[in-house]
Every structure is written in C-alpha cells, then in structure tokens.
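Understanding the architecture of this molecule
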Amino acid sequence: MTETMLPDLVPAYGEILMAVGAMLLLMIGAFRGNKSTGFISLLAVALMLVTLFVTVSWGDSATYTFGNMFVADRFTSIMKVMVLVASALSVIMSMQYFHDEREERFEYPVLLVLATLGMMVMVSANDLMSLYMGLELQSLSLYVLAAFRRDSELSTEAGLKYFVLGALSSGILLFGSSLVYGFVGSTNFTVIGQTLSHAGDHGVNIGVIIGMVFILAGIAFKISAVPFHMWAPDVYQGAPTPVTAFFAVAPKIAAFALLVRVLYVPFGDLAASWTQVIVFMSLASMVLGAVAAIVQTNIKRLMAYSSIGHVGYALVGLAAGSQAGVRGLVIYLAIYLVMNIGTFACILSMRRKDGMVEEISDLAGLVQTRPAMATALAIFMFSLAGIPPLAGFWAKWFVFKAVIAAAVANPAATDYGLITLAVVGIVASVAGAYYYLNVIKVMFFDAPAGEFVPQKSRNMNAIMGVGAALLLLFLLPQVNSPLLEYARMAAAALMS
C-alpha cells in the first residue's frame, strides 16, 4: 500500500506540509488563546520557509499525480516560491501592526497559511476540479481576512463586498467549467487540450469557447482585471493594512499562474479566441489604472488602482502568446512583488501617536522627519511608475518587448490589436506616472504635516531597505541574472 501511495504524494509534499502545519497551528491557538498569536505567527513563517525549501528541491521534470489533477514542474515551483515569499513577508509585516492595534488574534496567521495552501493548489491545478478546490480554499480564507477587524465598519463592508462578488465570480467560473465539461466530456486540462487540438480553431463548438470565456471571467476577478475590478478599491481601503498588502501580491501571483496554465494547456489551440479577451482586459485595466488613481486621496485606494493598472501590464506578456511573453510575465510578477511589499511596508510605518494614517496628505514633508522612509518610498514610487533604470522599468520592458516581437513575427497578430496594446500601454504608463510622482512631490516639497512614530520593528525597516536596494541594483548581473534565468526555465517548462 505504501509503495503505491508514496510516489503519488511526493509532488504534493509542500501542500501536505502546509495543510498539516495549519491544523497544528490551529490546535496551538485553540489551547493557548490569543496570547500565542506572536508565537504562531513565527511558526507560520517557519512553516512557509520549510515548504519553500521543499518546493525548490523539485527537479525540472513534470510529474502528474492524483489522477492527473495535480502537476509539479519547474513553472509551478518558481510560482509557488513567489507566493510563499509574499505570504511569509505579509505575516512578518502584520505582527507589529496587530500588536500596536491591540487586535492580536491567533486565527490571522492560520488563515494566511490556509490561503497560501489554496494558492499552491491553484498553481499546480491540472483539472477544473482541483482548480476550483484551490481557488475556493484561498477565497474563503480571504473573505474572513478582509473583515478581520470586526469593530470596523469599513472592514466589515470590505468583507461583505468581497464575499458577495467573490461568490458571483465562483458561480461564473463553475458555469463555464460545466459548459466545457458538457461539450468536451472531461475536466482534465491535458484531455481537454488533446481533444481541442484535433478539432482545430474553426472546428471547436461555440459552447466550448463560451465556457472558456466564463472561466477567464472567474479568474479575472481574482486578479482584479477590468471589468471585474469593482471590489478592489473598497476592499483595499477597508481591510486591515497587512491584509491589503497580502491581497495586493500573493493571490495575484497565484491567479496569474493559474490563468497562464488554463490558457496554454487546455485552451492553447484556442489562442485566436482568448487573445482577444486578454487584449481587451489588458487595455481596459491599463487605462483605468492610469486615470482613476489620479483623484485618489487615500494611499490604499491609490494602490488598488495602481494594482489594477499593473495587472494590465502583466496581461500584455500573456497576450503575446509566446514563451518570451510568459518569461516577461514571470519577471514582471517577481518585480511587482518587491515593489508592492516594499510600498506597503512604508504604509504600515505611517503611524502617529493617535494611530495609523492613510491619507496621501499625511506624507507631507516626510523627507524632513523620516528621510530614510521617504527615500525608500520614493524608490518604490519611481519603480512602480516605470522610471529607468529602476527594476519597474525593466519589468515593463520585457512584457512590451515580447508583445512587439509577437506582432512582428506574426503579421496576422495585428488583427488582435497587439501593436495597439503596446502603444496604449506605453502611453498609459506615462500618464500613470503622474500620481506616483505626486506622492513624491508631497513627501519632498510640501510643508511637514507631523512626525510619525519611529518604527519599532527592525523587520519592517529591513523589508523597506532590502526592497529598495533590489530595485536600485537590478541592473547588476548578480541581481538580475538569477531572476532572468528562473523566468526562462519557468516559461520553458510550461511551453514544452
């Protein structure tokens, strides 16, 4: 019995470790109460680091298990590493925040671990059933996290909105899955891909294409791509700031990994159909992100619209439909992780004696009172705006380069608007730089609005410092070469 089960479990050792760890953390919290929150948070970080080690030890070969519903390869390993890093940093950033707010509850790190487990399942999903299981495990945890501050009307509203719209998106995804199953006869990605490859693009039943579009709509909600973005600003503003930092990075990386696999494995032969959908969502997200953020006064809402815009840029790489495009997407997500985690570390440091502040105007004259924090936040803002030579510029460089190369290599691709996509993306990037530069202007040129309480957490200072240094030093081969090589390996593993 052991000999037959062990090979099936090996590719999922990371997920099994996270599941068992989450149950143990829950039991510790149940017996020791909220006074153990700090200890459980440290254990959660340690659990994620051990899981990361297990994940990176996986080889290059693709292995399928659990009835071909679960896949482990180099692409899944690299994407899981980014998810685990983002989740671990989110736990670390939350510890000082909840201590200062006197809202320490042991359920928080446990929910974060369960959400991360769901994301790992999403990344390795090779079947519509495992896709949905991972997606819902992540979503149910995130619904609770959004409403974690029970005494806050904004947090309660954020949780309710996210739950209602999330349930709608899940229904849309399930409806699309049922259509695909009804017309193809299978929920497995490999089988669906083989079936559609024999039919050809013009021989595929229209019901399959409609089902695919519904599935894309359900996943698009998770990455807050336009027109499925309406939840993001309110949830980002209402949720506790560490939760917002988590929302902005880890779930998006996992959802993008899932989206890439869904498009290239089961629906790879329907590229002519899904490219049009991706191009529209990318165009709309970039434009809305560039325009809507201009009028925001709350920095968390600004980061919500910034996130929507960056989702549009990441989708540019996906629209290219090539290995170079997937490589550019992986690079973009890695740099996006550093930029957003660093920015939210700065936001979490915006504390005065009377509590947290979130208005952009509260940053006035920050360079005079907290010069190190102002410098770090300026670097993050410049990088988010895509100002060279910071890493944010090169993130956009790789995705735009891929989509232009795809348009040149395939003149028929202009019918999908790839050249238009690149042009609008560049224009939107220039227009969107305004609100990032406005934050820098407020910090460096406006009269001081008051001094923030010195940051007590060395971990937070380290995150800001290391993040800013990585963005500044991206041009060094020692910094960018490993990222470029791992992104190449991830794209090659998926497209092979």
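Presented here is an overview of the structure given in this document. Going along each chain's sequence as written, the residues are numbered from 1 onward. For a predicted model such as this one, the threshold for reporting local features is a pLDDT of at least 70, and the threshold for listing and counting side-chain atom pairs is 80 or more; totals across whole chains, interfaces and linings nevertheless cover every residue. Excluding hydrogens and water, the side-chain figures rest on all heavy atoms present in the structure.

Turning our attention to the overall build of the chain. Counting its regular elements, the chain contains 20 helices and four strands. A globule of 496 residues ought to have a C-alpha radius of gyration of about 23 Å, and the chain, at 22 Å, matches this closely. With the C-alpha coordinates of the chain rotated into their principal frame, the extents come out at 65 × 55 × 45 Å. Buried positions account for 59% of the 496 residues belonging to the chain. Starting at the N terminus, helices and strands are each numbered in turn, a helix being any DSSP run of H or I of at least four residues and a strand any DSSP run of E of at least two. The size measure is the radius of gyration over C-alpha atoms, and the globule rule it meets is 2.2 Å times the number of residues to the 0.38 power. Buried, partly exposed and exposed residues are distinguished by accessible area as a fraction of the type maximum, computed with a 1.4 Å probe on protein chains only: under 20%, between the cut-offs, and over 50%, respectively.

Moving on, we get to the pattern of salt bridges. Pairing is possible between side chains that carry opposite charge, provided their charged atoms lie close to one another. Salt bridge, as used here, is a side-chain nitrogen of Lys or Arg placed within 4 Å of a carboxyl oxygen of Asp or Glu. What the rule picks out here adds up to eight salt bridges. For Lys80, the salt bridge identified is with Glu15, shortest N-O distance 2.6 Å. Placement of the pair is Lys80 in helix H4 (residues 74–100) and Glu15 in helix H2 (residues 13–32), with a sequence separation of 65 residues. Across this residue pair, the class does not change: Lys80 and Glu15 are buried. Put simply, Glu485 and Arg488 hold a salt bridge, and the shortest N to O gap is 2.6 Å. Taken together, the residues Glu485 and Arg488, both in helix H20 (residues 477–495) and three residues apart, mark about one turn of the helix. Judged by its relative accessible area of 36%, Glu485 is partly exposed. Each member of the salt-bridge network shares a partner with another, and the members are Glu157, Lys161, Asp234 and Arg301.

Quick look at the side chain of Glu15 now. Glu15 gets classed as buried once you look at its relative accessible area, which sits at 7%. For Glu15, the residues in contact, after removing those within four places along its chain, are Phe70, Lys80, Leu117, Met120, Val121 and Ser124. In what follows, a contact means two residues having at least one pair of non-hydrogen atoms within 4.5 Å.

Here we take up the environment of Met339. Relative to the elements of secondary structure, Met339 occurs in helix H14 (residues 323–348). Taking the C-alpha atoms as reference, Met339 lies 9.7 Å from Phe382; in sequence the two are 43 residues apart.

Axis angles are defined between N-to-C directions and span 0 to 180 degrees, where every axis is a line fitted to C-alpha atoms and, for a helix, only to the segment in contact. Orientation of helix H11 (residues 241–264) relative to H14, taken along the N-to-C sense of each, is 170°, at an axis distance of 8 Å. If you check the angle between H11 and H14, you find them roughly antiparallel. Across the interface between the two elements, Thr241, Pro242, Thr244, Ala245, Ala248, Val249, Lys252, Ile253, Phe256, Val260 and Tyr264 of H11 pack against Val326, Leu329, Leu333, Tyr336, Leu337, Asn340, Ile341, Phe344, Ile347 and Leu348 of H14. The residue classification treats Ala, Val, Leu, Ile, Met, Phe, Trp, Tyr, Cys and Pro as nonpolar and Asp, Glu, Lys and Arg as charged. All others, Gly included, are polar. Its residues assigned to classes, the contact of H11 with H14 comprises 17 nonpolar, three polar and one charged. Orientation categories follow fixed angle ranges, with anything under 35 degrees roughly parallel, anything over 145 roughly antiparallel, 65 to 115 roughly perpendicular, and all other angles oblique.

In this section: the packing of aromatic side chains. The aromatic pairing rule takes the rings of Phe, Tyr and Trp, using the six-membered ring of Trp, and pairs them if the centres are within 6.5 Å, calling planes under 30 degrees apart stacked, those over 60 edge-to-face and the rest tilted. The final tally for this structure, using the stated rule, is 19 aromatic pairs. For the pair Tyr162 and Trp231, a centre-to-centre distance of 4.8 Å together with 35° between the ring planes defines the contact as tilted. Here the residue Tyr162 occupies a position in helix H7 (residues 153–184), and Trp231 occupies one in the loop between helix H9 (206–222) and helix H10 (232–238), the gap between them amounting to 69 residues. Relative accessible area serves as the criterion here: at 3%, Tyr162 is assigned to the buried category.

Glancing now at a nonpolar patch on the surface. Like charges are joined within 9 Å and nonpolar side chains (Val, Leu, Ile, Met, Phe, Trp, Tyr) within 5 Å, but only among residues with over 30% relative accessible area and no salt bridge; these make up the patches. Computed with a 1.4 Å probe, the accessible areas rest on the Shrake-Rupley method; for each residue, only the protein chains presented here act as cover. Nonpolar side chains collect at one region of the surface, where Val10, Tyr13, Ile16, Val20 and Leu24 lie side by side and expose about 400 Å² of accessible area between them. Residue position: Val10 is located in the loop between helix H1 (2–9) and H2.

This part covers the packing of helix H17 (residues 391–409) against helix H18 (residues 418–445). Contact geometry for H17 and H18: axes closest at 8 Å, N-to-C directions at 155°. Considered as vectors, H17 and H18 are oriented roughly antiparallel to each other. As for how H17 packs across H18, the hand of that crossing is left-handed. Together, Lys396, Phe400, Val403, Ile404, Ala406 and Ala407 of H17 and Leu418, Ile419, Leu421, Ala422, Gly425, Ile426 and Ser429 of H18 make up the contact between the two elements. Note on convention: near helix rotated counterclockwise from far helix by under a right angle means a left-handed crossing. Clockwise means right-handed.

What follows covers the nonpolar core. By convention a nonpolar core is built from buried Ala, Val, Leu, Ile, Met, Phe, Trp, Tyr and Cys residues, the set being connected through side-chain atoms within 4.5 Å. Of all hydrophobic cores here, the largest spans 180 residues; its most connected members are Phe75, Phe267, Leu315 and Leu363. Leaving out residues up to four positions away in the same chain, Leu315 has contacts with Ile223, Ala225, Phe256, Leu259, Ile278, Met281 and Ser282.

A word on unusual backbone geometry. A cis geometry characterises the amide bond from Val226 onward to Pro227, with omega recorded as 10°. Tracing the chain through its elements places Pro227 in the loop between H9 and H10. The linkage connecting Pro388 with the following residue, Pro389, adopts the cis geometry, with an omega of 5°. Among the secondary structure elements, Pro389 is positioned in the loop between helix H16 (371–385) and H17.

Okay, the side chain of Ser383 next. Positionally, Ser383 belongs in helix H16. For Ser383, a relative accessible area of 0% puts it in the buried group. Looking at Ser383, its side chain comes within polar contact range of the main-chain nitrogen of Gly392, at 2.9 Å. Residues within four places of Ser383 in sequence aside, it is in contact with Met339, Leu390, Ala391, Gly392, Phe393 and Leu471. Two N or O atoms count as a polar contact when they lie within 3.5 Å, although within protein this holds only if one can serve as hydrogen donor and the other as acceptor, and sequence-adjacent residues are included solely when both atoms are side-chain atoms.

That is the geometry; function is a separate question.
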